[in-house]
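# Descriptive analysis of the structure
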Amino acid sequence: MRSLPNPGRFSDGLNVFLAELAEAFRGWNGTRTWRSLEDDLSLAAEHAGSHVRLTWGLHDRLPDDEWRFEMTTIHAPGEDMRRLAIEMRTFLESDPL
């Protein structure tokens, strides 16, 4: 798998994780997961052949973990995932307003 060279200033490696998913367009077994350094953001990825299911999670910080919000997005493997990885990298590396 090929990774993007710069993980971004604020990404905790999220854009690298997405780029690796895009490179694995032929699929993988099971669920691949990523969590932010502070455990308040998570991403779970499942490859279902014709699509990739990404479950994004916002979490209360540990040890409380009193609340959570999750949302699932569906993406085509290959170019759609590659475009998502590029857009996320651009967003994470942009200067704040």
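Right, let's walk through the structure included here. Nothing here was measured: the structure is a model prediction, and the numbers come from that model. (Residues numbered from 1 in each chain as written. Predicted model: local features only at pLDDT ≥ 70, side-chain atom pairs only at ≥ 80, totals over all residues. Heavy atoms only, no water.)

For Gly27, the position within the fold is in the loop between α1 (14-23) and β1 (31-35). In the structure, Gly27 is positioned 51 residues away from Gly78 in sequence and 9.9 Å away in space, judged by C-alpha atoms. (Helix = DSSP H or I, 4+ residues; strand = E, 2+ residues; numbered from the N terminus.)

It is worth spelling out the sheet that holds strand β3 (residues 52-59) at this point. What the four strands build is an open sheet, ordered β1-β2-β3-β4; its pairing is antiparallel. If you trace the sheet from one side to the other, it starts and ends with β1 and β4 (68-75), each paired once. Recorded for the sheet is a direction-independent mean angle of 15 degrees between the axes of neighbouring strands. Relative to β3, strand β2 (residues 41-47) is paired through seven bridges, and the arrangement is antiparallel. Each residue of the ladder has a partner; that of His47, found in β3, is Val52. Its contacts with the sheet place helix α2 (residues 79-93) against β3 and β4, and it is angled at close to 30 degrees to β3. (Pairing = 2+ DSSP bridges. Axes fitted to C-alpha atoms, helices over the stretch in contact; angles between N-to-C directions. Contact = heavy atoms within 4.5 Å.)

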